[in-house]
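Overview (structure and organization)
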Amino acid sequence: MFPASFGYVAAHSVEEALELLTQQGEDAKLLAGGHSLIPAMKLRLASPRTLIDLGTISGLRGARIDGDTLAIGALTVHADVASSDLVRKRLPGLADAASVIGDVQVRNRGTIGGSVAHADPAADLPVILTALNASFVLQSMSGNRSVAADDFFTDFYTTAMTAHEVLTEIRVPLPPAGSGTAYVKLPHPASGYVVVSAGVLITRQASGSCASARVALGGLGSGPIRAAGTETGLQGKSLTPEVIAAAAAKAAENADPTEDSYASAEYKRQVATVYTRRAIEAALKRAVTRNS
Ligand SMILES: Cc1cc2nc3c(=O)[nH]c(=O)nc-3n(C[C@H](O)[C@H](O)[C@H](O)COP(=O)(O)OP(=O)(O)OC[C@H]3O[C@@H](n4cnc5c(N)ncnc54)[C@H](O)[C@@H]3O)c2cc1C
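As a starting point, this report considers the structure included with it. (Residues numbered from 1 in each chain as written. Predicted model: local features only at pLDDT ≥ 70, side-chain atom pairs only at ≥ 80, totals over all residues. Heavy atoms only, no water.)

Quick notes on the site of the ligand
Taken together, 29 residues sit near the ligand, with Leu30, Gly34, Leu37, Thr111 and Asp124 positioned nearest. Taking Lys29, its side chain carries an N or O atom lying 3.3 Å from an oxygen atom of the ligand. At a separation of 3.2 Å, an oxygen atom of the ligand approaches a polar side-chain atom of Lys185. Look at the ligand: alone it shows 970 Å² of surface, and the protein chains cover 90% of it. Contributions of two or more residues to the shell around the ligand are made by β2 (28-31), α7 (112-118) and β10 (166-173). If you tally residues by element for the shell around the ligand, the top one is α7, at four residues. Taken together, the residues that form the shell around the ligand break down as 14 nonpolar, twelve polar and three charged. (Near = heavy atom within 4 Å. Polar contact = N/O pair within 3.5 Å; in protein donor to acceptor, adjacent residues only side chain to side chain. Areas by Shrake-Rupley, 256 points an atom, 1.4 Å probe, with all protein chains shown as cover. Helix = DSSP H or I, 4+ residues; strand = E, 2+ residues; numbered from the N terminus. Nonpolar A, V, L, I, M, F, W, Y, C, P; charged D, E, K, R; others polar.)

Quick look at the sheet that holds strand β1 (residues 7-10)
Within a sheet, neighbouring strands are paired by backbone hydrogen bonds and run either parallel or antiparallel to one another. Judged by pairing direction, the sheet is parallel, and its three strands sit side by side in the order β1-β3-β2 without closing on themselves. Edge positions in the sheet fall to β1 and β2, since each of these pairs with one other strand and no more. When the angles between neighbouring strand axes are averaged without regard to direction, this sheet yields 25°. In terms of strand pairing, β2 meets strand β3 (residues 50-53) through four bridges, oriented parallel. Each residue of the ladder has a partner; that of Lys29, found in β3, is Leu51. In the packing of helix α1 (residues 14-24) onto the sheet, the strands contacted are β1, β2 and β3, and the crossing angle to β3 comes to about 170°. (Pairing = 2+ DSSP bridges. Axes fitted to C-alpha atoms, helices over the stretch in contact; angles between N-to-C directions. Contact = heavy atoms within 4.5 Å.)

With respect to the nonpolar core
In a soluble, globular protein the nonpolar side chains are often hidden away together inside. Leu94, Leu125, Ile128, Leu129, Phe136 and Ile170 are the most contacted members of the largest nonpolar core, which totals 37 residues. By size, the runner-up hydrophobic cluster in this structure holds 29 residues, among which are Leu186, Val195, Ala255 and Ala263. (Core = buried A, V, L, I, M, F, W, Y, C linked by side-chain atoms within 4.5 Å. Buried < 20%, exposed > 50% of the residue type's maximum accessible area, 1.4 Å probe, protein only.)

A word on the pattern of salt bridges
Evaluation of the coordinates by the stated rule reveals 13 salt bridges. For Asp124, the salt bridge identified is with Lys185, shortest N-O distance 3.0 Å. Of the two residues, Asp124 sits in the loop between α7 and α8 (125-131) while Lys185 sits in strand β11 (residues 179-187), which places them 61 residues apart along the sequence. Considered together, Asp124 and Lys185 belong to a single accessibility category, that of buried residues. A salt bridge links Arg226 to Glu231; its shortest N-O distance comes to 2.7 Å. (Salt bridge = Lys/Arg side-chain N within 4 Å of Asp/Glu carboxyl O.)

A look at the sheet that holds strand β7 (residues 143-148)
With respect to topology, five strands assemble into an open sheet ordered β4-β5-β10-β6-β7, the strand pairing being antiparallel. Every other strand in the sheet has two partners, leaving β4 (63-66) and β7 as the edge strands with one partner each. Direction aside, the axes of adjacent strands within the sheet are offset by 25° on average. Where strand β6 (residues 135-140) lies against β10, five bridges are found, and the strand directions are antiparallel. Across the sheet, residue Ser135 finds its bridge partner in β10, namely Arg171. Lying on the sheet, α1 is in contact with β6 and β10; it crosses β10 at an angle near 130°.

Considerations on the packing of aromatic side chains
Per the stated rule, a full pass over the model turns up three aromatic pairs. With 5.8 Å between their ring centres and 75° between their planes, Phe136 and Phe153 make a pair best called edge-to-face. Highlighted residues: Phe136 in strand β6 and Phe153 in strand β8 (residues 153-155), separated in sequence by 17 residues. Where Phe152 meets Phe153, the ring centres are 5.1 Å apart and the plane angle is 85°; that geometry is what we call edge-to-face. Stacked on the ring of Tyr275, the Lys or Arg Arg278 has its end atom at 4.9 Å from the ring centre. (Phe/Tyr/Trp six-rings, centres within 6.5 Å; stacked < 30°, edge-to-face > 60°. Lys NZ or Arg CZ within 6 Å of the ring centre and 35° of its normal.)

Re unusual backbone geometry
Positive phi outside glycine occurs at Arg44, with the angle close to 60°. Note on placement: Arg44 falls in the loop between α2 (37-42) and β3. Its identity as a non-glycine residue notwithstanding, Asn133 has a phi of 60°, on the positive side. Note that Asn133 resides in the loop between α8 and β6.

Here it is as structure tokens:
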């Protein structure tokens, strides 16, 4: 399959990319790893007249600590997120998610910024980044703004980002002591994309009870959804297996998953319960390990 013919220009800075976006208007698209955009172009789901390649911009790769935040450049590829010592030590749930994306080739080319901007409802990173309360830095000609993950993913393949902005950085608050993070997914056996997934950030008090919990689910809607019933079911409670199981059972209570050729809505709800419990257990194990 061939895409419609298109022009190509490499940007050497975010400012240059923004100028090119303004010049080219709606007919241009930013290109990062190309692992979602190029297949869409080949399927003629997208036919941009010009691609503006961000891949030649330096300074948008890698993870660093910035105060109480882990800042990750938008062009950091999934493999580098998965193998980053900083990410693995401070936010292992994010490394979990990056390491189960597609295959080696996809992880070596696909970028965290591209995944967030593309907002595929079956993608991994939007889910764990929502659980981790990440925010996304968007640069435009008029400056920078930051949008929280809870407000960013607005619909299928749709975000709060405008066509005149470049996502430059993903900022994740470093969790306090006593916290654990985890991400688990049931992958589609053919594509590897999410059928259902769960991302968890949980913080326990010295007494062992739950100080706070954020739980996000993938595969159940147009984008990541918060499992509010689960979060409430954990908050302030002693984290016994019974409490965790009861909270996980509420994971999909406000979700309205669609049936598809692989999984019924009822199956997705059941998987959400089981995978939410597994993610909570894995996150708690890490919270204990890191603080013992
Ligand atoms: C075979 C295969 C299997 C895959 N499996 C999975 C999977 O299991 N889980 C999963 O989550 N994903 C999966 N993916 C998708 C993969 O993770 C993509 O790499 C990712 O979704 C998009 O990142 P990219 O860098 O390739 O973006 P691109 O394809 O280059 O761009 C995607 C979109 O984002 C926009 N964009 C990119 N970067 C920016 C930026 N910095 N600022 C503003 N807009 C930007 C582009 O204009 C475009 O609209 C798979 C892909 C393939 C081909």
